[in-house]
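Reading the structure
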Amino acid sequence: MWIGWIEFDILLGDVHSLKEKRSVVRPLLAELKRRFEVSVSETGDHSQYRRTQLGVGLVAADRAHLVEVLAAVERFVAGRPEIELLSARQRELHSED
């Protein structure tokens, strides 16, 4: 069994309040869950309205599938016009590590 995750540091576009931040982040989280069948959560920068950190996790039977899905998630997030992806950090572990 393979366990993988990717953490994103994101700068939000034209956002001026926490309410506007939620209107950008919530649809992004929902779309990631729906499209890639992954677990996803806002993991940091909760009180800053122009920044957020997201975590995406996945469990897979083989490493190739895990890497493929996490790469697709990163491409999807990087391609969103309403956000700027500042960094992405990825990790993979085998259950026997």
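None of these values were measured; they are calculated from a predicted model.

We now examine the pattern of salt bridges. Tallied over the full model, the rule gives six salt bridges. The residue Arg 35 makes a salt bridge to Glu 31 at a minimum N-O spacing of 3.0 Å. Separated by four residues within a single helix, Arg 35 and Glu 31 lie in helix H1 (residues 18-36), roughly one turn from each other. The partly exposed category is assigned to Arg 35, whose relative accessible area is 47%. Assessed through its relative accessible area of 17%, Glu 31 is described here as buried. Where Glu 92 meets Arg 63, a salt bridge forms, and the shortest distance between an N and an O atom there is 2.9 Å. On the criterion of sequence distance, the pair formed by Glu 92 in strand E4 (residues 83-94) and Arg 63 in helix H2 (residues 63-78) is long-range, its members being 29 residues apart. For Glu 92, a relative accessible area of 22% translates into the label partly exposed. A residue is classified by how much of its surface remains accessible, and Arg 63, at 42% relative accessible area, is partly exposed. The network of salt bridges with shared partners includes Glu 31, Arg 34 and Arg 35.

Okay, the packing of aromatic side chains next. One pass over the structure, following the stated rule, counts one aromatic pair. Seen from their ring centres, Phe 36 and Phe 76 are 5.7 Å apart, and the 70° between their planes marks the pair as edge-to-face. A residue pair is termed long-range when its members are at least 10 positions apart, and Phe 36 in helix H1 and Phe 76 in helix H2 qualify at 40 residues.

Bringing unusual backbone geometry into the picture now. Negative phi is the rule for most residues except glycine; trans is the rule for most peptide bonds. Unusually for a residue other than glycine, Glu 37 sits at a positive phi of about 55°. Relative to the helices and strands, Glu 37 is located in the loop between H1 and strand E2 (39-44). The phi torsion at Asp 45 lies on the positive side, around 55°, for a residue other than glycine. If you trace the backbone, Asp 45 turns up in the loop between E2 and strand E3 (51-60). Asp 45 gets classed as partly exposed once you look at its relative accessible area, which sits at 22%.

Thresholds applied
Residues numbered from 1 in each chain as written. Predicted model: local features only at pLDDT ≥ 70, side-chain atom pairs only at ≥ 80, totals over all residues. Heavy atoms only, no water. Salt bridge = Lys/Arg side-chain N within 4 Å of Asp/Glu carboxyl O. Helix = DSSP H or I, 4+ residues; strand = E, 2+ residues; numbered from the N terminus. Buried < 20%, exposed > 50% of the residue type's maximum accessible area, 1.4 Å probe, protein only. Phe/Tyr/Trp six-rings, centres within 6.5 Å; stacked < 30°, edge-to-face > 60°.

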